[in-house]
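Listed here are the chains, written in short residue letters.
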Amino acid sequence: MDATGITASIVALLCGALIFRDINLRLRWRNVNLPGPPRYPLIGSLIVNARDIMDMFKNQSRFGTVSAFFPLNNPIVLTSDPEDFKRIFTTNIAPKGSTVESLGQYLGPSGIVFLDHNGPEMTPWKTHRQAIDQAFRVSSLRSFQHAIQKHAEDFVQRLESQDGKEVDMVVEFRRIVLNITSELVGAGDAPAEFLAAMTDLIWSLDSLLIRTHLSIGGIYLKWLKRRSFKIVDNFLNEAIRAKQAELARLTDEELLGRQSNNLLELLLLTGQFTPKQIRDHLVIFYLAGLDTAASLLPSALFQIVQHPDVCRRAVAELGSVRSPLAYDDLKKLRYTTHCVEESLRMRGPIIVTARDLDRDYELACGQVVPSGTMLLAHLHAVHFSEEWWTEPQKYNPSRFDKEENGGVVEPKHPFAYVPFAAGPRICIGRNLFFSEALTLLHKTLTRLSFEIIDHPDNGVVLEGHGLSIPKMVKFRVMKR
Ligand code: HEM
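Residues numbered from 1 in each chain as written. Predicted model: local features only at pLDDT ≥ 70, side-chain atom pairs only at ≥ 80, totals over all residues. Heavy atoms only, no water.

A. Highlighting the sheet that holds strand β2 (residues 76–79). Here we have four strands laid out as an open sheet, ordered β1-β2-β7-β4, and mixed in their pairing. Every other strand in the sheet has two partners, leaving β1 (66–69) and β4 (352–356) as the edge strands with one partner each. Ignoring strand direction, the axes of neighbouring strands in this sheet form an average angle of 20°. Looking at chain direction, β1 and β2 are connected through four bridges and run antiparallel. The residue of β2 that forms the bridge with Ser67 is Leu78. Against the sheet, helix α3 (residues 82–90) touches β1, β2, β4 and β7 (374–378), its axis set at about 120° to β7. (Pairing = 2+ DSSP bridges. Helix = DSSP H or I, 4+ residues; strand = E, 2+ residues; numbered from the N terminus. Axes fitted to C-alpha atoms, helices over the stretch in contact; angles between N-to-C directions. Contact = heavy atoms within 4.5 Å.)

B. Local environment of the site of the ligand. In the vicinity of the ligand lie 26 residues, with Arg129, Thr353, Arg355, Arg425 and Cys427 positioned nearest. Within the side chain of Arg355, a nitrogen or oxygen atom sits 2.7 Å from an oxygen atom of the ligand. Of all the secondary structure elements, the ones that give two or more residues to the shell around the ligand are α5 (125–133), α14 (275–306), β4 and α18 (430–447). Tallying contributions element by element places α14 first for the shell around the ligand, with five residues. When the residues that make up the shell around the ligand are grouped by side-chain class, the tally is 17 nonpolar, four polar and five charged. (Near = heavy atom within 4 Å. Polar contact = N/O pair within 3.5 Å; in protein donor to acceptor, adjacent residues only side chain to side chain. Nonpolar A, V, L, I, M, F, W, Y, C, P; charged D, E, K, R; others polar.)

C. Expanded view of the coordination of the iron atom of the ligand. Looking at the protein side alone, the iron atom of the ligand has one donor only, Cys427 (SG), at 2.3 Å. Structurally, the position occupied by Cys427 is in the loop between α17 (379–383) and α18. (Donors = N, O, S within 2.8 Å, 3.2 Å for Na, K, Ca; no water.)

D. Fine view of the sheet that holds strand β11 (residues 474–479). Spatially, the three strands line up as an open sheet ordered β3-β11-β8, and their pairing is antiparallel. A single partner strand is all that each edge strand has here, and the edge strands are β3 (166–168) and β8 (448–452). Ignoring which end each strand starts from, the neighbouring axes of this sheet average 45° apart. Most of the contacts of α18 go to β8, to which it runs at about 85°, and overall it touches β8 and β11.

The structure is reproduced here in structure tokens:
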């Protein structure tokens, strides 16, 4: 057979495989009747409906609470039914699976986010999660508060030095969250070169997310970013070695009484993890803790400043609490906490979260979808649903206060407010995030006032690839 013949045979084989896949999928889905964009043979709802698919990620899905679409014939079900959230998040019917595989290949497969929780024992994820949970207990957060304070003070002094000038708060918050995360991880003394390399790795994820369906994406990016990886790995591996040596010098008694408040030390002290696993977890904390908090904080500040009544009330509350703020003072900031909660509802950085069905699944609406389907929990859509919230488009921190809200508790369904997901895999860093957010708001709003810069993009959030990120948050800052 000549070259043309071989090429024609390969093309014919590929077409045959695609047609077989198409027919198989249609048979498996013949009894499922879910709304969604039209689906074409072989390419599913891809090209023609790219816009529709983007629309589906916007706050209100065009197709209602549950819809199905098939980019390249990969079945995806998008749900914003809180009853589905309850099942997905609180049982182990839907593992994280392929959705995070590419990310795992890139940043290190043992990172807590990538470990699968499927199976009756949920190991090794459960073992890792239990060990890491210790760093987020109240006692650890209490002793970590002084580090947050120190960084918050640096942050506000930096802003004060720009008195009267225009400041890009997206950049400022990103810098401060990076520093706080480094402190938590145990890389507080990291050189600027390490922080730049780590930021490079995290930022390049956007291009990985675009290629997320290509399993090669992670490996390719790892090669492309090999220089940054070398810097990050050299620093972390050296930090792990140095900490191991330091702990080896301690007596058993000293080890027993030791209170660690950074992850590196804590993970070593458990004695359960290899240096490679520890390295992967530390990297993950940058991924999970950086973009999320650094995206939400500028938006939260923007929304507070944009609403003068809310701002006056928050400033009064923040001013009534002593400085520096101790961990136990945070609970006195009830109204400011509601401001942050309201921003998490409206501008929570994670729009959707994905799970892979490894068995047939009955949706809350009664339809059974076949195994192999990717299930997307649309966190934002439920946050904007009129079924569960009063005037969901309105920024109203008081909705979280039962007394102020005429005795009504919002939302009207316990799984209709899920900025941190829910169940055993709920965000491990949520309490740390509130410590960061409240301490930074305390410092900034009591020492500075903010004037919103007039620009059409100011305060706008970009929504793509399942994440919501502020496009621009610029203020003129003035010392109070
Ligand atoms: C605005 C702040 C944050 C938001 C909205 C947020 C949201 C989330 C969500 C929705 C998940 C679940 C994802 C899923 O199940 O697919 C998650 C998981 C996680 N988050 Fe956060 N997060 C925030 C801050 C943080 C911080 C500050 C840290 C740590 C420093 C952190 C560490 C993690 C980790 C390690 C997981 C994985 C837990 C597991 O798989 O067991 N997050 N987060």
